[in-house]
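What follows is the residue order along each chain.
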Amino acid sequence: MKELLDSIYAVGADDTTLDLFESQYPVPQGVSYNSYVILDEKVAVLDTIDTRATAEWNENLKTVLAGRAPDYLIISHMEPDHSANIAALARQYPAMKIVGNSKTFVQMGQFFGADTFPSERLVEVKEGDTLPLGHHTLQFIMAPMIHWPEVMMEYEQTDKVLFSADAFGKFGAVCRGGAWAPEARRYYLNIVGKYGAQVQALLKKAAALEIRTICPLHGPVLAENLGQYLALYDTWSSYRPEAPEEVLVASASIHGNTKAAAAHLAEKLRVQGAAVTEIDLTRTDVSYAVAEAFRCGKIVLACATYDGGLFPCMEAFLAHLKAKNFQRRTVALLENGTWAPMAAKLMRAQLDTMKEITVCEAVVTVRSALSPANEGQMDTLCTELLGK
């Protein structure tokens, strides 16, 4: 529990025991579930949290409320890590109104039962509506598909605070600290990445507001140098690379020969002055690989042929990239096959289904293991990829 500004409190909780966020993304530093309270003439609770941390949240809420009853529960997002305690809080405070939009209430009925909340307790809001609390006033901003259709944000007009739902969130418990960008990038690109157009629309709305503080539903409250966070969101949501000239070399190797060839190619790229990041897709969770692919402007995909197809981790990587709307990159291909190399053809077929992907004409084909015959192919590929 922490007072952020006069009468605005953070009452969420860290979860350092969770291993997989949304049952798929590794979170070695845990995650935070954020919830906020505004104490004014009227009291507003902004979002609940996951059941994994209900006890701590209840204690924080009890301490901040100090005997007062909430007048409003604002629901920004119905995903269970934020909405799980709605029904329990509503039972505890029977006079409390529940504030959401029309889509919020449809989903709330689906999660908790259509008859759980009588209509007289529901306050439906739409774009631009305001809710006066006294000294503070909340203005509602609809943010559909960032990353669910019911998502909305709240702008507190007095202290210029944007309660941003999942936007500007990150993996990692707040108590663990750490730089914002790496885990915010992985969070955004894997969870929200598909919805760049919707995020661009939100950023246009945000540009019309004076924002001094951003309060997301995951990760730290942001109160300084907000321009850097907004700029990164603009880059990510417009699918521009952060490092246009950096090369990601991602390998999918069965016995190590494809990885060795990829490493040799990476070294050739470095000799020519390129910054290179190498990822072994067999040992790296795909969420990290996706984040790096979006960060870099150029990519080398190195894959062994497997049962006439792609080695599964490369197939999964390409599927994730497509699902997250990967685009506007230059890609080079390295394949390996002992008797029938097929990986380059199959990778190109997948890339051809994505937007604005330039695939280098030069291809490196390894036959079982790297050989002197591959040197010329690699040199040609490096020249084309780097534009030299």
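A brief report on the enclosed structure follows.

Conventions adopted
- All residue numbers refer to positions counted from 1 along the written sequence of the respective chain.
- With pLDDT at 70 or above as the cut-off, local features in this predicted model cover only qualifying residues; side-chain atom pairs require 80 or more to be listed or tallied, and sums for whole chains, interfaces and linings still use all residues.
- Note that water and hydrogens are dropped before the side-chain values are worked out from all heavy atoms of the structure.
- For the purposes of this entry, the term helix denotes a DSSP run of H or I that reaches at least four residues, the term strand denotes a run of E that reaches at least two, and both are numbered from the N terminus.
- Note on classification: 1.4 Å probe, protein chains only; a residue is buried when its accessible area is under 20% of the maximum for its type, exposed when over 50%, partly exposed between these limits.
- Every residue pair with non-hydrogen atoms within 4.5 Å of one another is taken to be in contact.
- Surface accessibility in these figures is a Shrake-Rupley result with a 1.4 Å probe; residues are shielded only by whichever protein chains are displayed.
- Positive residues here are Lys and Arg, negative ones are Asp and Glu, while His and the chain termini are left out of the count.
- Here the site of a charge means NZ on Lys, CZ on Arg, CG on Asp, or CD on Glu.
- Any two cysteine sulfur atoms lying within 2.5 Å of each other are counted as a disulfide.
- One bridge is not enough; two strands pair if DSSP finds at least two bridges between them.
- A fitted line through C-alpha atoms represents every axis, and for helices the fit uses only the stretch in contact; the resulting angles, taken between N-to-C directions, go from 0 to 180 degrees.
- Aromatic rings from Phe, Tyr and Trp, taking only the six-membered ring of Trp, are treated as a pair when their centres fall within 6.5 Å; an angle between ring planes under 30 degrees marks them as stacked, one over 60 as edge-to-face, and anything in between as tilted.

What about the overall build of the protein chain?
Inference 1: A tally of helices and strands in the protein chain yields 12 helices and 22 strands.
Inference 2: Dimensions along the principal axes, computed over C-alpha positions, put the protein chain at roughly 75 × 40 × 35 Å.
Inference 3: Looking at the protein chain as a whole, 56% of its 388 residues qualify as buried.
Inference 4: Considering only intrachain contacts with a sequence separation of at least 6, the fraction spanning at least 24 residues in the protein chain is 71%.
Inference 5: When the accessible surface of the protein chain is summed, it comes to about 15900 Å², and 52% of that surface belongs to carbon and sulfur atoms.
Inference 6: Separation between the mean location of the 35 positive side-chain charges and that of the 46 negative ones in the protein chain comes to 3 Å.

Things to note about the state of the cysteines
Inference 1: Counted by the stated rule, this structure contains zero disulfides.
Inference 2: Unpaired in terms of disulfides, cysteine 303 finds its nearest cysteine sulfur in cysteine 313, a separation of 6.8 Å.
Inference 3: Looking at cysteine 303, the relative accessible area reads 0%, which means it is buried.

A few points about the sheet that holds strand β14 (residues 152–156)
Inference 1: Taken in spatial order, the five strands line up as β12-β13-β14-β15-β16 in an open sheet, and their pairing is mixed. Bordering the open sheet on either side are β12 (130–132) and β16 (213–215), each of which pairs with just one other strand. Ignoring strand direction, the axes of neighbouring strands in this sheet form an average angle of 20 degrees.

A few points about the packing of aromatic side chains
Inference 1: The tally for this structure, following the rule as stated, stands at 16 aromatic pairs.
Inference 2: With a centroid separation of 5.4 Å and an interplanar angle of 70 degrees, the aromatic rings of phenylalanine 21 and phenylalanine 171 are classed as edge-to-face. Placement of the pair is phenylalanine 21 in strand β4 (residues 20–21) and phenylalanine 171 in the loop between β15 (161–163) and α5 (180–192), with a sequence separation of 150 residues.
Inference 3: Overall, phenylalanine 21 belongs to the buried group, its relative accessible area being 4%.
Inference 4: Judged by relative accessible area, phenylalanine 171 falls into the buried class, the value being 0%.
Inference 5: Here phenylalanine 112 and phenylalanine 117 contribute two aromatic rings whose centre-to-centre distance is 5.9 Å and whose plane-to-plane angle is 90 degrees, an arrangement assigned as edge-to-face.

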